[in-house]
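Descriptive analysis of the structure
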Amino acid sequence: MIHRRDFLKNSAAALIYSVGQNGLSQPSAPGVAVTFDQSSVILNGRRVLISCGEMHYPRSTRAMWPTLLKRSGALGLNTVATYVFWNFHETSRGIFDFSGERDLGLFLDLCQQHELSVFLRVGPYICAEWNYGGYPPYLRDEPGITIRTMNRPYTARVEEYFRRLAEVVRPRLASNGGPVILVQVENEYGNVAKRYGEDGQEYLRWIVELGRQVGFAGVPTTTCEGGAQGAIETSNGFTISPERIAAVRKSHPGTPLLWTELYPSWYQVWGGSIAPARDPRAIAAAILDFVSRGGSGWNYYPWHGGSNFGRNSMYLQTPTYDFHAPLDEYGNVTESGAFLGRFHAAMQEHSAVLLEGTRTEDAADRQRTVTWQKGLDVLHLIQESYDEHASDREPFRAANVKARLLDGHGNVLFDLDSVHETVKKSFPVSEWKPVKHADGQTPVWQVWDEPLPAHREDKGVLSLEPVEQLSLTKDSTDYCWYSTNLHVDQPGLKEIVIPYGADFFYAYLDGVLVASTKLPLQEDRGAITPDDPAHPRIVANVSEQNKENGYRHSFTLRDLAAGNHRLDLLAVAVGLIKGDWQIASPMNFERKGIWEGVQWNGKPIQNWTMRPGLVGEQRVLAGKTVSWHADSDQKPLRWYKTHIDLPASVLAGPAVFRLDAVGLGKGMIWINGRPIGRHWLIQAASPPDTPSQRYYHVPADWLQVSNEVIILEEQAASPSKVELQVRV
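All of the points below concern the structure found in this document.

Basis of the calculations
- Residues numbered from 1 in each chain as written.
- Predicted model: local features only at pLDDT ≥ 70, side-chain atom pairs only at ≥ 80, totals over all residues.
- Heavy atoms only, no water.
- Helix = DSSP H or I, 4+ residues; strand = E, 2+ residues; numbered from the N terminus.
- Rg over C-alpha atoms; globule rule 2.2 N^0.38 Å.
- Contact = heavy atoms within 4.5 Å.
- Lys, Arg positive; Asp, Glu negative; His and termini not counted.
- Charge placed at Lys NZ, Arg CZ, Asp CG, Glu CD.
- Expected span 1.5 Å × (residues − 1).
- Buried < 20%, exposed > 50% of the residue type's maximum accessible area, 1.4 Å probe, protein only.
- Polar contact = N/O pair within 3.5 Å; in protein donor to acceptor, adjacent residues only side chain to side chain.
- Pairing = 2+ DSSP bridges.
- Right-handed = clockwise from strand over helix to strand, strands pointing away.
- Axes fitted to C-alpha atoms, helices over the stretch in contact; angles between N-to-C directions.
- Salt bridge = Lys/Arg side-chain N within 4 Å of Asp/Glu carboxyl O.
- Core = buried A, V, L, I, M, F, W, Y, C linked by side-chain atoms within 4.5 Å.
- Phe/Tyr/Trp six-rings, centres within 6.5 Å; stacked < 30°, edge-to-face > 60°.
- Lys NZ or Arg CZ within 6 Å of the ring centre and 35° of its normal.
- Arc of directions from axis to C-beta.

**Focus on the overall build of the protein chain**
- Along the backbone of the protein chain there are 15 helices and 42 strands.
- The globule rule puts the C-alpha radius of gyration for 728 residues at 27 Å, and the 27 Å found for the protein chain is close to it.
- By its C-alpha atoms, the protein chain is 95 × 65 × 55 Å across when sized along the principal axes.
- Long-range pairs, those at least 24 residues apart, make up 76% of the contacts in the protein chain with a sequence separation of at least 6.
- Across the protein chain, the centroid of the 72 positively charged side chains sits 1 Å from that of the 82 negatively charged ones.

See the structure below:
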């Protein structure tokens with residue numbers, strides 16, 4: 001167990017510091033002592049109102065980091081939060097990479113250069129709608145492993161990761177002169193705690209202690225939504241109710257109230273509803289209410305969401321992670337960001353009174369008044385039409401509460417409605433426009449057909465039963481072919497059933513695409529394996545019971561002639577899960593492809609050949625010679641290539657770019673060899689007639705005068721209408 005005294009061991013090195021423009025200090029000497037009590041985090045004896053924003057360095061590019069941080073500071077943030085992405089750094093077992101776009105150390109150094117402190121969330125589990133919740137895929141196959149509990153094969157890998165990560169982080173702790181003032185271990189364990197019982201609670205105590213042992217103890221340790229003594233417990237949500245505040249006060253006395261994830265909207269999954277932007281007045285009203293009950297820090301999750309490039313998305317998560325965040329996917333300030341920037345200025349100007357003043361409260365006739373007094377300084381918060389549960393029910397709507405901050409003389413310091421109206425009237429809007437190509441010509445697309453299994457040179461993996469996909473691919477590709485032969489005695493209707501398969505399938509019969517998985521797919525699909533009476537399933541939360549037969553796929557084949565036929569099933573993964581509840585099992589149960597056989601008219605099919613990956617991944621993406629030809633018709637499973645030549649003037653300015661994927665079906669996009677992400681023009685559940693994602697972020701630093709665009713298209717769709725767009 002870590003006691004408060006352990007956090008103070010380095011306090012002897014604490015020296016005087018200067019106050020930065022955003023209310024936080026940057027060290028002017030080797031170290032800053034970071035302590036806390038129930039009122040706030042304290043830096044070298046000075047209380048800090050933490051105004052924090054989450055941005056994830058892998059979801060933007062290295063070239064974008066300085067601009068993102070500069071804009072964040074200008075909008076009144078004094079702290080930046082980020083997860084550390086284990087699978088982004090340990091790219092294969094025992095091979096760590098902290099260079100280039102993975103340079104966490106540089107990102108932390110840039111935060112300090114921009115006078116921003118850092119709240120570092122190191123995991124090992126992070127959730128984050130990220131592939132496998134941040135875990136390296138190899139972890140699934142460690143012998144005897146159970147993830148996220150007191151299991152030696154698991155804890156041994158975590159120990160190695162933490163010790164390697166500490167080499168990067170330790171010099172950058174505030175106690176050593178760096179920007180990191182808080183370190184969070186694990187994440188939202190309450191979502192799975194019931195499954196692991198006392199072993200899980202022991203694991204939480206162990207992970208807190210491990211952080212101390214590897215060298216994170218120079219600053220306070222936190223956990224969120226489920227944690228252990230010895231760490232500050234923080235809260236997540238659209239709002240933090242009085243009941244939740246009371247529960248934290250009771251379970252973790254003597255610690256500050258910190259809000260780890262304050263959501264400006266919600267993430268987007270393929271085929272799901274698109275969440276609206278949350279009204280910034282509702283966000284500010286929720287913060288004011290939290291601070292009026294003793295809260296001393298909040299973190300927008302996210303402040304800048306960015307993009308899930310390549311294959312980094314969790315299962316079913318789109319490449320965009322915009323979240324209607326204050327800094328949009330491209331790094332630009334939104335109207336919400338401009339409003340919150342003014343709000344931060346008002347809060348920081350009066351932070352000393354908010355944190356140190358004596359607080360009293362009066363409530364009557366749906367009006368709540370909170371008063372802070374520190375000496376002669378007085379501050380009033382007036383909340384009208386007050387209903388403490390209204391924003392829990394409708395968190396996206398305009399503030400249910402009319403809220404104003406006043407000084408002791410009754411002068412209005414900040415009024416939600418009036419400031420919102422001022423920002424709305426003055427906020428500039430710029431339009432997206434097609435990029436005019438340097439030669440004035442429309443790009444010409446060439447095609448290369450991906451070979452079907454019958455035409456591939458590799459012999460494949462032979463097995464009586466289908467072999468689960470990840471055991472073959474190790475998540476190095478989304479694709480795996482399953483091939484077999486069928487004999488039809490009588491012509492007519494036939495059915496193929498995959499009782500347990502993930503995620504999406506195309507069925508080819510005698511080389512012709514005849515069927516594909518029915519939509520929509522579900523984010524939480526239920527149990528990933530059949531029930532085993534010898535090992536009863538422990539249900540950790542209600543979302544695990546929302547779906548039955550979530551892995552079943554069936555294909556009806558009509559007018560099938562008698563005789564022998566070849567069946568090829570292309571299994572397509574759409575990202576690994578982010579947490580237990582998506583599969584109703586520990587995360588090491590994650591599977592793709594087929595793992596409980598295939599039935600043909602109710603009887604099992606045997607004798608399979610598996611071929612992991614696509615030929616084009618080894619040839620087209622590697623730049624090897626293939627026979628490209630003109631695009632004349634539409635066929636499924638094709639590679640497309642074109643070149644887009646841009647005027648140098650377009651690249652020289654402060655512009656952002658996106659690709660309009662109109663007309664495409666499903667697959668993946670690369671520009672100049674860099675993976676933009678999976679595309680899928682599947683319709684969203686709402687609003688109607690809207691694709692889940694049509695536009696795809698193309699970082700400006702990935703572009704040059706001449707650009708090669710490659711698209712893998714799984715379906716019979718054409719890229720003829722695809723275009724690059726620009727916004728200044």
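Moving on, there is more to tell.
**A word on helix α8 (residues 280-292)**
- Over its 13 residues, α8 extends 18 Å from the first C-alpha to the last, a length consistent with the 18 Å expected when each residue adds 1.5 Å.
- Burial analysis of α8 places 13 of its 13 residues in the buried class, the great majority of the element.
- Capping of α8 at its N-terminal end is provided by Asp279; its side-chain oxygen lies 2.8 Å from the backbone amide nitrogen of Arg281.
- One or two steps after α8, the chain reaches Gly294, where phi turns positive at roughly 105°.

**Topic: the pairing of strand β13 (residues 232-237)**
- Within β13, 6 of the 6 residues are buried, leaving the element largely enclosed by the surrounding structure.
- Across the two faces of β13 the burial is the same, with Ile232, Thr234 and Asn236 and Glu233, Ser235 and Gly237 all buried.
- Taken together, the 3 bridges between strand β12 (residues 221-224) and β13 define a ladder with parallel strand orientation. Of the residues in β13, the one forming a bridge with Thr223 is Glu233.
- As paired elements, β13 and strand β14 (residues 257-262) share 3 bridges and run parallel to each other. When the sheet's bridge partners are listed, Gly237 is paired in β14 with Leu262.
- Taking the sense of rotation as the criterion, the β-α-β connection linking β13, helix α7 (residues 242-251) and β14 turns out right-handed.

**What to know about the sheet that holds strand β24 (residues 479-488)**
- Pairing within the open sheet is antiparallel, and its 6 strands lie in the order β23-β34-β24-β30-β27-β28. At either margin of the open sheet sits one strand with a lone partner, and together these are β23 (461-463) and β28 (512-516). On average, adjacent strands in this sheet sit at an angle of 25° to one another, irrespective of strand direction.
- The pairing of strand β27 (residues 504-509) with strand β30 (residues 563-572) spans 6 bridges and is classified as antiparallel. Counterpart to Phe505 in the pairing with β30 is Ala571.

**Comments concerning the pattern of salt bridges**
- Applying the stated criterion across every chain yields a total of 48 salt bridges.
- The shortest N-O distance in the salt bridge between Glu335 and Lys424 comes to 3.6 Å. Residue Glu335 is located in helix α9 (residues 335-349), and its partner Lys424 is located in helix α12 (residues 416-426); the two are separated by 89 residues in the primary sequence.
- Salt bridges linked by common partners bring Asp449, Asp631, Asp633, Lys635 and Arg638 together as one network.

**Some points on the nonpolar core**
- Leu104, Tyr135, Phe162, Trp298, Tyr300 and Phe343 are the most contacted members of the largest nonpolar core, which has 186 residues in total.
- Among all residues touching Tyr300, those that are not within four sequence positions of it are Cys52, Gly53, Glu54, Leu77, Leu262, Ile283, Ile287, Leu340, Phe343 and His344.
- Counting residues in each nonpolar core, the second largest holds 22 residues, with Cys480, Val488, Phe555 and Ile594 among its members.

**A short note on the packing of aromatic side chains**
- Going through the model one piece at a time under the given rule, you end up with 43 aromatic pairs.
- A centroid spacing of 5.3 Å and a plane angle of 45° characterise the contact between Tyr300 and Trp303, whose relative ring orientation is tilted. Per residue, the accessibility class of Tyr300 equals that of Trp303, and both read buried.
- Where Tyr500 meets Trp595, the ring centres are 6.4 Å apart and the plane angle is 45°; that geometry is what we call tilted. With Tyr500 in the loop between β25 (492-498) and β26 (501-502) and Trp595 in the loop between β31 (593-594) and β32 (599-600), this residue pair connects regions lying 95 residues apart in the sequence. Comparing Tyr500 with Trp595, the two get one shared label, buried.
- One cation-aromatic arrangement involves Lys666 over Phe504; the distance from NZ or CZ to the ring centre is 5.6 Å.

**Describing helix α2 (residues 65-74)**
- Along α2, the residues classified as buried are Trp65, Leu68, Leu69, Ser72 and Gly73. Projection of α2 onto a plane perpendicular to its axis shows the buried side chains occupying an angular sector of 130°, all on one side. Exposed and oriented more than 90 degrees from the buried face of α2 are Lys70 and Ala74.
- In this structure, the buried side of α2 is in contact with β6 (50-55), β7 (79-83), α4 (104-113) and β15 (295-304).
- Immediately downstream of α2, the backbone of Gly76 shows phi near 90°, a positive value.

**Points about the sheet that holds strand β3 (residues 34-36)**
- Spatial strand order, β3-β4-β5: 3 strands in an open sheet with antiparallel pairing. Edge positions in the open sheet fall to β3 and β5 (46-48), since each of these has one partner strand only. Adjacent strand axes in the sheet meet at a mean angle of 40° when their direction is disregarded.
- Looking at chain direction, strand β4 (residues 41-43) and β5 are connected through 3 bridges and run antiparallel. Residue pairing across strands places Val41 opposite Val48, the latter belonging to β5.

**Re unusual backbone geometry**
- Backbone torsion omega between Gly123 and Pro124 reads 20°, so that peptide bond is classified as cis.
- Mapping Pro124 onto the fold places it in the loop between β10 (117-123) and α5 (152-169).
- Here Ser686 and Pro687 are connected by a cis peptide whose omega angle stands at -5°.
- Positionally, Pro687 belongs in the loop between β39 (674-680) and β40 (695-698).
- For Asn44, which is not a glycine, the phi torsion comes out positive at approximately 45°.
- Located in the positive-phi region is Glu225, a residue other than glycine, with phi close to 50°.
- Residue placement: Glu225 occurs in the loop between β12 and β13.
- Here Glu225 falls in the partly exposed class, since its relative accessible area comes to 26%.

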